[in-house]
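Examination of the molecular architecture
The chain contents come next:
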Amino acid sequence: DAGVIQSPRHEVTEMGQEVTLRCKPISGHDYLFWYRQTMMRGLELLIYFNNNVPIDDSGMPEDRFSAKMPNASFSTLKIQPSEPRDSAVYFCASKPGAAYEQYFGPGTRLTVT
Amino acid sequence: GDSVTQMEGPVTLSEEAFLTINCTYTATGYPSLFWYVQYPGEGLQLLLKATKADDKGSNKGFEATYRKETTSFHLEKGSVQVSDSAVYFCALIPPLQTDSWGKLQFGAGTQVVVTP
């Protein structure tokens, strides 16, 4: 069984460019989470979806960040325009509704120069 | 608000040594408690959990007991291996609320380095 799939695994871009991170959750999981991990701030929840609907986006840093989940098998996190302080590892996680355990993807390491 | 505090790292120890990572929490009511582990270059994985007071979670030789008296969930392992080198995160989910269902609150993480 495939786990959570994220792409790309690494992204290097210049300040001001648009960045799109992608996530495919585990089939049958109806919750999807986006996290950001940095040395300074640790692991932060950015947004989460239930049945493709955004439930809590209070962790999204600012309007430059947006997330969508057009269907149960795909989600994107977009940063436009990107800034050097957005450099981090971004994780996607999913879980089935009745379970506690979240299943994390391998992460996307984003570097904005 | 609900929060988790865990000991700062890095924790460096020799193979076969005893490991303890302290974790305390602040929450209204009785949350569910978790330890996640992140191996280098990977995402987080659930290591163990406890969903009510006095429960003991265990997995891969690691144990943690939910202590409501001390609001703690310390992680222990009797004999660590080099392969246990990782970052360990204590986390909680608040008591069931519609707007926080499934929303994990993580501690800052503790890096553990095990040397041969």
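Attention in this report is confined to the structure presented alongside it. Quick caveat, the model's predicted, so the values are computed rather than measured. (Residues numbered from 1 in each chain as written. Chains lettered and ligands numbered in written order. Predicted model: local features only at pLDDT ≥ 70, side-chain atom pairs only at ≥ 80, totals over all residues. Heavy atoms only, no water.)

1. Here we look at the overall build of chain A
When its secondary structure is counted, chain A shows zero helices and eleven strands. The helix and strand sequence of chain A, counted from the amino end, reads β-β-β-β-β-β-β-β-β-β-β. Computed over its C-alpha atoms, the radius of gyration of chain A comes to 13 Å, within 12% of the 13 Å expected for a compact globule of 113 residues. For chain A, with 113 residues in total, the buried portion stands at 47%. Put simply, of all contacts in chain A between residues at least 6 apart along the chain, 53% involve residues at least 24 apart. Accessible surface, chain A as shown: approximately 5600 Å² in total, 50% of it carbon and sulfur. Within chain A, one finds 11 positive and 13 negative side-chain charges whose respective centroids are separated by 3 Å. (Helix = DSSP H or I, 4+ residues; strand = E, 2+ residues; numbered from the N terminus. Rg over C-alpha atoms; globule rule 2.2 N^0.38 Å. Buried < 20%, exposed > 50% of the residue type's maximum accessible area, 1.4 Å probe, protein only. Contact = heavy atoms within 4.5 Å. Areas by Shrake-Rupley, 256 points an atom, 1.4 Å probe, with all protein chains shown as cover. Lys, Arg positive; Asp, Glu negative; His and termini not counted. Charge placed at Lys NZ, Arg CZ, Asp CG, Glu CD.)

2. Some points on the state of the cysteines
Residue and element names in this part refer to chain B. One pass over the structure, following the stated rule, counts two disulfides over all chains. What pairs with C23 in a disulfide is C90, and their sulfur atoms sit 1.9 Å apart. Where C23 bonds to C90 through sulfur, the torsion about that S-S bond is close to -70 degrees, and the disulfide is left-handed. One end of the pair, C23, is in strand β4 (residues 23-26); the other, C90, is in strand β10 (residues 86-93), and 67 residues separate them in sequence. Residue class for C23 comes out buried when judged on its relative accessible area of 1%. (Disulfide = S-S within 2.5 Å.)

These figures capture arrangement, not role.
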